[in-house]
Amino acid sequence: MPTGKTFAWPDGLEATATVLGRLRAADRTDVRDGVVDEARLAEAREKLLGERSEPLGLRVELTNTGDAPVDLDAVRLQWVGVEVGGMAGKAADDGGFKGELAPGESATELSAWAVPDIVAVGYQVLVWPRGPQKGVAAQFSGAVPGASVRPPEGGGHDHSGHGDH
């Protein structure tokens, strides 16, 4: 489903993931306003491994409409490329997913991610409420406007599967 929509699990947990856009340097970290302190922004840029891109902000909100508390410490987020491949790396978060989420309550985590261009051209944000690879993940799809992938250097191999007939 597209980012910004809400995914619901059968036990009553709901998730919404929204990409906030490219982050800018500031005196303080406030991912909600799209700014991150210079040290964290530099750390996120290092994780881009030479890609010419800026870190992106992500907001994930969890709402417990079920009858039992949810362990927020088990929640894991992944940001993966689905067009070309690759993975984004989390550079910073505000610690919003800690402790328990009681029935009827919501929790939001704001985070900064180093998102290489190969991921930005087409991605899924995965929300695992019980830890990575456990149960069903909410999948939120999108692409970063203006993202492009340069052809790989030293290519020239044709892997199209077409032979001479």
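The structure under discussion appears in the preceding block.
A brief report on the enclosed structure follows. These numbers come from a predicted model, not from an experiment.

### Quick word on the pattern of salt bridges
Throughout the structure, instances matching the rule amount to three salt bridges. For R130, the salt bridge is made with D11, and the minimal N-O distance between the two is 2.0 Å. A residue pair is termed long-range when its members are at least 10 positions apart, and R130 in the loop between β11 (123–128) and β12 (138–142) and D11 in the loop between β1 (6–8) and β2 (13–22) qualify at 119 residues. Put simply, E109 and K90 hold a salt bridge, and the shortest N to O gap is 3.1 Å. In this pair, E109 sits in strand β10 (residues 106–114) while K90 sits in strand β8 (residues 89–93), placing the two residues 19 residues apart along the sequence. Judged by relative accessible area, E109 falls into the buried class, the value being 5%. By sharing partners, the salt bridges in this structure join K90, D93 and E109 into a single network.

### Considering the nonpolar core
Membership of the largest hydrophobic core comes to 28 residues, with the highest contact counts inside it found for L58, L62, W79, V115, V127 and F140. Taken together, the elements giving at least two residues each to this core come down to β2, β5 (56–64), β7 (76–81), β10, α2 (117–120), β11 and β12. The dominant element in this core, judged by the number of residues it contributes, is β5, at four residues.

### Digging into the side chain of N64
Within the secondary structure, N64 sits in strand β5. N64 gets classed as buried once you look at its relative accessible area, which sits at 2%. In terms of polar contacts, N64 uses its side chain to reach the backbone carbonyl oxygen of A68, at 2.8 Å.

### Thoughts on the sheet that holds β1
Pairing within the open sheet is antiparallel, and its five strands lie in the order β1-β2-β5-β10-β8. Edge strands, defined here as strands with exactly one partner in the open sheet, are β1 and β8. Neighbour-to-neighbour, the strand axes of the sheet open up by a mean angle of 30°, direction not taken into account. Direction of pairing for β2 relative to β5: antiparallel, over a ladder of nine bridges. Bridge assignment links T16 to a residue of β5, and that residue is E61.

### What about the environment of G4?
Tracing the sequence through the fold places G4 in the segment before β1. Spatially, the C-alpha atom of G4 lies 9.4 Å from that of S141, the residues being 137 residues apart in sequence. Excluding residues that lie within four positions of it along the chain, G4 makes contacts with T16, A17 and T18.

Basis of the calculations
- Residues numbered from 1 in each chain as written.
- Predicted model: local features only at pLDDT ≥ 70, side-chain atom pairs only at ≥ 80, totals over all residues.
- Heavy atoms only, no water.
- Salt bridge = Lys/Arg side-chain N within 4 Å of Asp/Glu carboxyl O.
- Helix = DSSP H or I, 4+ residues; strand = E, 2+ residues; numbered from the N terminus.
- Buried < 20%, exposed > 50% of the residue type's maximum accessible area, 1.4 Å probe, protein only.
- Core = buried A, V, L, I, M, F, W, Y, C linked by side-chain atoms within 4.5 Å.
- Polar contact = N/O pair within 3.5 Å; in protein donor to acceptor, adjacent residues only side chain to side chain.
- Pairing = 2+ DSSP bridges.
- Axes fitted to C-alpha atoms, helices over the stretch in contact; angles between N-to-C directions.
- Contact = heavy atoms within 4.5 Å.

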